[in-house]
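Examination of the molecular architecture
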Amino acid sequence: MSPRGVTAYSLVNATVRALYSNLLSSTTWRALVQAEDYDAVLTLLGKTVYASYLQLERPLLSPRRAVYQLRWHLADVYEKLIRVTPDPGKQLLIDLWDHYEVDNLKATLRGIEAGASLDQVRHLLYPMRRAIVLTTPVIEQMVRAGDIDRAIGVLRGTLYYPTLMHALTRYHTEKSLFPLEVALDLDYRRRLWQSIDRLKGLDHEQALRTLGVPLDADNLLWAIRYRVYHRLSAEEIINYTLPLGYQVQDVHIRAIANGEDIAAVVHQVYPNLAAPENLGDAEGGGLAQLERALQQHIVDTCRSVFLGNPFHIGVPLAYVWLNEYEIRNLTVIIEAKASQVSPDVFAALFEGLQMSSESS
Amino acid sequence: MFRSQTMRKVDLIVPEGDVVAVTEALAASNVFHLARSRGYAASAGIGSRTPWQDYTTAFFELEQRVLAVMQALGADEGHAPQEGVHLLVPSVARRDIERLEREAEEPSRDLEMARQKLAKLEKYLEQIQLIADLDVRVEMLRQAQFLFVLPGTIPLANIDRLRVSLEHVPIVLTTLSRDEHVATVILFGVRRDADVLTRAARSAYLNPIVAPEVYTGTPADVIKALEASIARTRAQIATAETTLQQLYDMRVRHLRHLLWRIRASHSLVEAIGGYEHLRFTYIISGWTPASEAASLRRKVLEVSSQAIIEVEEPGRLDPVSPPVVLNNPFALRSFEGLVTNYGYPSYTELDPTPLLALTFPLIFGLMFGDVGHGLLLMLAGLLLASRRLRPLQSLSSIGGILIGCGATSMGFGFLYGSLFGFEDVLKPLWLQPLEEITSILLAAVAVGIGVLTLGMLYHILNAALARAWGNMLCDHSGISGMVFYWSLLGLVAGAFMPDFPISPVVLAILAILSGLVVTFSEVFIHLIHRRRPLIAGGVGTYLMQAFFELFETVISFLSNTLSYVRMGAFAVAHGALSLVVFIIAEIISPGKGIGYWLDVVLGNLFVIGFEGMIVAIQTLRLEYYEFFSKFFAGGGERYSPFSLFSKEDGL
């Protein structure tokens with residue numbers, strides 16, 4: 001515990017502690033899963049930290065709108081933590097927040113491709129308090145541009161422009177957004193790894209642990225999906241994944257690309273993960289099980305960051321991931337309840353998944 | 001103090017013809033906070049579209065076009081004008097911009113095309129120079145039967161990945177040149193591997209360069225032809241640049257002026273687009289500090305004699321809460337930052353800053369009691385607050401906090417008899433934490449109980465002010481919760497003190513009754529406020545939830561109270577750490593020479609810096625987690641007056 005770390009992260013730590021205590025308790029999760037219907041879910045959420053985001057007239061609070069409102073909480077959390085975190089950790093938090101902007105950019109491009117209206121596109125986006133590039137007018141101008149070429153032209157001078165412009169050649173050849181989206185994803189994740197590498201000492205170690213695990217999960221799942229679902233060749237799988245990782249190394253990705261047994265590779269990376277065996281079968285549901293196991297691994301890693309020395313960038317990073325997963329799980333519950341799906345069907349998704357450690 | 005600066009709700013009914021002038025006056029007044037929906041409605045475009053929203057888009061487009069002209073001329077934006085700016089008519093601005101675009105279009109298009117052409121020619125030249133000595137005609141290479149040749153551009157980050165993806169295939173990948181993002185490469189392989197090579201190149205985003213077939217002959221012939229083309233293209237670029245520079249000299253001031261007028265107009269129409277529009281009038285809603293209401297009325301009437309202005313106190317049931325201006329005396333303002341970092345108090349809520357300003361230094365001082373250390377902290381606080389040291393001016397806001405914490409540290413220093421760690425210079429007025437550990441721990445818990453009770457009282461008062469009688473009576477931080485908490489404390493105290501004045505039976509009855517109210521608070525609150533249904537969802541779910549909530553309440557009472565033990569523990573640790581400094585000093589210099597005193601000075605500085613920081617964090621943690629969670633919701637909005645040059649980037 002260095003004096004520098006304590007000085008830099010004192011306010012961050014206190015702020016995260018206060019936020020952490022507001023994560024939903026297991027009691028609330030149980031009640032949410034067992035809630036009779038969507039209205040009961042809203043009532044329960046009305047007693048949580050999300051209450052102020054859901055203070056809208058009931059007819060306006062459709063399930064989609066409720067999810068959108070919950071996401072404002074995450075936007076506020078990022079805003080708060082970015083404000084109190086000192087550099088260079090602050091930059092990493094900003095870079096991490098950018099992944100919502102990348103998602104919004106992809107959603108906007110999909111909307112344009114599908115000929116959606118501005119309002120339809122807006123409903124698909126994450127709310128952003130801190131939009132670096134995709135401000136409301138930029139999105140509006142992109143949608144009004146009417147086609148992908150001109151929409152990308154609107155982004156001239158931004159960090160997305162060179163990547164998208166270069167990938168545009170393939171978009172024209174293949175008439176698919178796939179190359180644009182993959183290029184954006186790879187470029188974003190490379191930037192995030194660079195941002196992690198700019199940190200030093202304990203900050204670097206903790207950022208690597210906290211962000212390395214979810215980045216690994218993405219890379220691994222991409223490689224498996226490209227092979228199992230898209231049936232891409234080894235060279236394509238390698239080019240569409242990253243050689244950067246924390247536990248998942250390039251050798252593992254190349255092994256998957258070159259046709260080795262996927263379950264064996266996963267076991268080699270995560271010996272203690274409850275991963276299924278049928279990962280090579282597109283219809284077997286093994287990949288969904290693996291995704292859940294990886295999510296639990298990410299949540300466990302984030303929770304473990306709160307043990308021990310708390311004065312480093314890992315603490316706010318771990319908290320935003322926990323909050324992200326909390327909102328993802330709430331989204332599942334809201335959609336399930338709104339569609340009147342029985343808890344028996346989706347409760348399994350939440351078994352053993354505990355977001356908070358139930359203590360301060 | 002305690003309450004936000006008093007705000008007034010301002011509703012203006014403005015004739016259609018005056019809406020622009022009134023909006024300009026509101027922006028110029030710099031005291032009008034526009035009431036807006038919370039992002040979603042605006043961003044989702046709910047409601048009918050008005051011409052003003054089209055103007056908003058138009059001005060955004062115009063701004064982009066002006067910026068594009070400025071970029072073409074290499075002009076910067078300059079600064080926002082200080083004097084008032086009035087609304088532009090989009091069609092007039094558009095004509096102006098079109099003229100500017102026309103002027104800049106031809107030379108900038110020529111320049112752009114010439115640059116693109118030059119880049120391509122240079123790339124071809126680079127490629128061909130690699131095989132300059134070959135005595136083979138290039139058209140034969142294009143049609144090679146056994147060789148796979150693919151020149152192209154590829155993102156820099158993908159080059160290594162492409163090599164890895166082709167590790168089992170014989171290839172040569174040569175980089176010809178590279179810029180910030182992209183490299184020009186040639187991929188050589190064997191024609192029989194063409195499928196694999198093509199797939200790998202495509203997935204690595206290698207965009208092929210197709211050299212124009214007009215260039216024929218040996219590489220030497222092609223180089224000669226390319227060099228001639230490059231020279232001609234450079235001359236074209238120079239001509240275009242000169243034309244653009246002349247245009248820059250003539251138009252830069254006008255462009256900057258136009259840009260800022262467009263930006264101001266954009267803010268203006270964006271604001272108007274958010275107003276409610278009736279047939280011939282607009283309704284503008286917002287807030288202003290009560291002290292500014294009269295002058296705001298005067299300024300609006302100066303530009304619109306027909307405007308109707310209603311200024312009223314905010315209603316309790318208004319769906320939108322007024323923005324908040326914290327209203328604390330100068331001495332307490334340092335603590336505002338700690339409060340707003342947690343959340344902005346809502347308008348009806350009591351501002352917890354005064355309470356924080358009282359409890360924060362108290363808790364800090366209890367943990368860090370030393371006259372000398374407190375004095376140094378206070379001096380450091382005075383230095384920061386005075387803003388005399390330029391490099392530390394940004395820290396001036398924490399000066400007040402250091403002064404407060406330093407003063408209480410000194411106070412507790414006298415109570416503990418501690419001066420720079422020396423425990424034998426001052427006579428303790430109360431106790432020495434290291435000597436009476438149990439007493440200091442019990443005292444810490446007592447202070448914690450006091451602070452928690454204060455939090456509950458604050459919650460009760462907040463609920464009373466908001467006339468939320470049900471919450472005031474039944475919440476776990478309301479009256480029932482407080483009775484429940486104190487009954488449990490009484491039962492615990494009675495178990496250890498045979499002479500406790502209140503009978504355990506009475507306490508048990510109080511605990512059961514208040515516990516039941518807390519458990520079924522939702523039902524009681526709905527009953528008091530006449531809300532139906534009493535229970536949302538099923539009875540079974542509710543009972544299970546109520547039981548767990550009671551369980552959580554008891555656990556949180558216990559953990560919140562015991563959390564304050566750490567105050568005593570830190571007071572002990574502070575004494576122990578100081579003791580360690582002296583033990584080390586004795587080892588270094590038993591005769592109390594210079595080494596002894598050097599160690600004492602450095603040790604004290606370490607204690608102040610390192611332990612002081614940890615104590616501050618613990619204090620903040622106790623305030624945020626144990627204290628604020630009892631009464632402070634923090635869902636308020638900061639008062640932010642409408643201005644023409646403010647930028648909002650939220651969706």
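Rules behind the numbers
- Residues numbered from 1 in each chain as written.
- Chains lettered and ligands numbered in written order.
- Predicted model: local features only at pLDDT ≥ 70, side-chain atom pairs only at ≥ 80, totals over all residues.
- Heavy atoms only, no water.
- Helix = DSSP H or I, 4+ residues; strand = E, 2+ residues; numbered from the N terminus.
- Rg over C-alpha atoms; globule rule 2.2 N^0.38 Å.
- Buried < 20%, exposed > 50% of the residue type's maximum accessible area, 1.4 Å probe, protein only.
- Contact = heavy atoms within 4.5 Å.
- Areas by Shrake-Rupley, 256 points an atom, 1.4 Å probe, with all protein chains shown as cover.
- Lys, Arg positive; Asp, Glu negative; His and termini not counted.
- Charge placed at Lys NZ, Arg CZ, Asp CG, Glu CD.
- Buried area = accessible area lost by both parts, 1.4 Å probe.
- Salt bridge = Lys/Arg side-chain N within 4 Å of Asp/Glu carboxyl O.
- Polar contact = N/O pair within 3.5 Å; in protein donor to acceptor, adjacent residues only side chain to side chain.
- Nonpolar A, V, L, I, M, F, W, Y, C, P; charged D, E, K, R; others polar.
- Domains from an automatic or database assignment.
- Phe/Tyr/Trp six-rings, centres within 6.5 Å; stacked < 30°, edge-to-face > 60°.
- Lys NZ or Arg CZ within 6 Å of the ring centre and 35° of its normal.
- Core = buried A, V, L, I, M, F, W, Y, C linked by side-chain atoms within 4.5 Å.
- Expected span 1.5 Å × (residues − 1).
- Pairing = 2+ DSSP bridges.
- Axes fitted to C-alpha atoms, helices over the stretch in contact; angles between N-to-C directions.

1. Observations concerning the overall build of chain A
- Regarding its fold elements, chain A presents 17 helices and zero strands.
- What you see for chain A is a C-alpha radius of gyration of 21 Å, in line with the 21 Å of a compact globule of 360 residues.
- For chain A, the spread of C-alpha atoms along the principal axes amounts to about 55 × 50 × 45 Å.
- Relative to its full complement of 360 residues, chain A shows a buried share of 59%.
- Of the contacts made within chain A by residues no fewer than 6 positions apart, 67% connect residues no fewer than 24 positions apart.
- Accessible area for chain A stands at about 13900 Å²; split by element, carbon and sulfur atoms hold 50% of it.
- Side-chain charges in chain A split into 35 positive and 41 negative, and the spacing between the mean points of these groups amounts to 5 Å.

2. Some details on the interface of chain B and chain A
- On the chain A side, the residues contacting the 58 residues of chain B number 77 residues.
- At the boundary of chain B with chain A, total buried surface from both sides reaches about 5700 Å², with 57% on carbon and sulfur atoms.
- Between arginine 202 of chain B and glutamate 236 of chain A there is a salt bridge, with the nearest N and O atoms lying 2.9 Å from each other.
- At the boundary of chain B and chain A, one finds 24 residue pairs in polar contact (both at pLDDT 80 or more).
- Looking at the side of chain B that touches chain A, the elements that each hand over two or more residues are α2 (40–44), α3 (51–73), β3 (147–155), α6 (159–165), α7 (194–203), α10 (333–342), α19 (539–563) and α21 (594–627) of chain B.
- No other element matches the nine residues that α21 of chain B contributes to the side of chain B that touches chain A.
- Considered class by class, the residues forming the side of chain B that touches chain A number 25 nonpolar, 20 polar and 13 charged.

3. Let's talk about the domain arrangement of chain B
Residues and elements named next belong to chain B.
- When its domains are assigned, chain B resolves into domain 1 (9–36 + 275–325), domain 2 (43–115 + 220–273), domain 3 (138–216) and domain 4 (330–468 + 529–630).
- Computed over C-alpha atoms, the centres of domain 1 and domain 4 are 44 Å apart.
- The partner domain 4 presents six residues to the six residues of domain 1 that form the contact.
- Both faces combined, the contact of domain 1 with domain 4 buries some 510 Å², and carbon together with sulfur accounts for 66% of it.
- Our enumeration of links across domain 1 and domain 4 arrives at zero salt bridges.
- Linking domain 1 with domain 4 are zero residue pairs in polar contact (both at pLDDT 80 or more).

4. A short note on the packing of aromatic side chains
- As enumerated under the stated definition, the model contains 29 aromatic pairs over all chains in all.
- The interplanar angle of 35 degrees and the centroid separation of 4.7 Å between the aromatic rings of tyrosine 78 of chain A and tryptophan 97 of chain A together place this pair among those described as tilted. Of this pair, tyrosine 78 of chain A sits in helix α4 (residues 63–84) while tryptophan 97 of chain A sits in helix α5 (residues 89–113); the two residues are 19 residues apart in sequence, bridging distant segments of the chain.
- With a relative accessible area of 2%, tryptophan 97 of chain A lands in the buried category.
- Consider the rings of phenylalanine 628 of chain B and phenylalanine 632 of chain B, whose centres lie 5.2 Å apart with planes at 80 degrees: the pair is edge-to-face.
- Take phenylalanine 628 of chain B: its relative accessible area is 0%, and that puts it in the buried class.
- On the basis of relative accessible area, phenylalanine 632 of chain B is assigned to the buried category, the value being 6%.
- Site record: aromatic cluster; members linked through ring pairs are Tyr342, Tyr624, Phe627, Phe628 and Phe632 of chain B.
- Its guanidinium or amino end placed over the ring of tyrosine 205 of chain B, arginine 170 of chain A lies 4.9 Å from that ring's centre, counting from NZ or CZ.

5. Looking at the nonpolar core
- One finds Leu45, Leu109 and Tyr319 of chain A to be the most contacted residues of the largest nonpolar core, which totals 138 residues.
- Discounting chain neighbours no more than four positions away, the residues touching leucine 45 of chain A are Leu24, Leu32, Tyr50, Ala51, Leu54, Leu70, Leu330 and Ile334 of chain A.

6. Observations concerning helix α14 (residues 437–465) of chain B
- Relative to the 42 Å expected for 29 residues at 1.5 Å per residue, α14 of chain B spans 42 Å between its end C-alpha atoms, a close match to the ideal helical length.
- Just past α14 of chain B, the residue arginine 467 of chain B takes up positive phi, approximately 55 degrees.

7. Some details on the sheet that holds strand β4 (residues 172–178) of chain B
- The antiparallel open sheet is built from four strands, whose spatial order is β4-β5-β3-β6 (chain B). On the outer flanks of this sheet lie β4 and β6 (207–208) of chain B, each paired with one strand and no other.
- When β4 of chain B meets strand β5 (residues 182–190) of chain B, the two strands line up antiparallel, connected through six bridges. Bridging from a neighbouring strand, threonine 174 of chain B pairs with isoleucine 186 of chain B of β5 of chain B.
- The strands that helix α9 (residues 161–174) of chain A touches are β3, β5 and β6 of chain B; relative to β3 of chain B, the one it contacts most, it runs at about 140 degrees.

8. Some points on the pattern of salt bridges
- A complete count under the given rule lists 33 salt bridges over all chains for this structure.
- Across the salt bridge formed by glutamate 103 of chain B and arginine 251 of chain B, the nearest N and O atoms sit 2.8 Å from each other. On the criterion of sequence distance, the pair formed by glutamate 103 of chain B in helix α4 (residues 90–129) and arginine 251 of chain B in helix α8 (residues 219–273) is long-range, its members being 148 residues apart.
- The class for glutamate 103 of chain B is partly exposed, based on a relative accessible area of 25%.
- With a shortest N-O distance of 2.8 Å, glutamate 626 of chain B and arginine 621 of chain B are connected by a salt bridge. Neither residue differs from the other here; glutamate 626 of chain B and arginine 621 of chain B are each classed as buried.
- When salt bridges that share partners are traced, they join Asp103, Lys106, Asp185, Arg189 and Asp218 of chain A into one network.

9. Concerning unusual backbone geometry
- In this structure, the amide linkage connecting aspartate 87 of chain A to the following residue, proline 88 of chain A, adopts the cis form with an omega of 0 degrees.
- Residue placement: proline 88 of chain A occurs in the loop between α4 and α5.
- In this structure, arginine 387 of chain B takes a positive phi of about 60 degrees despite not being glycine.
- For arginine 387 of chain B, the position within the fold is in the loop between α12 (371–386) and α13 (399–416).
- Not every positive phi belongs to a glycine, and lysine 592 of chain B is a case in point at roughly 55 degrees.
- Of note, lysine 592 of chain B is situated in the loop between α20 (565–588) and α21.
- The exposure class assigned to lysine 592 of chain B is partly exposed, which follows from its relative accessible area of 44%.

10. Things to note about the pairing of strand β1 (residues 7–15) of chain B
Residue and element names in this part refer to chain B.
- Of all nine residues in β1, seven are buried, a share of seventy percent or more.
- Across nine bridges, the pairing between β1 and strand β8 (residues 281–289) is antiparallel. Looking across to β8, one finds that isoleucine 13 is bridged to isoleucine 283.
- Where β1 and strand β9 (residues 308–312) come together, five bridges link them in antiparallel fashion.

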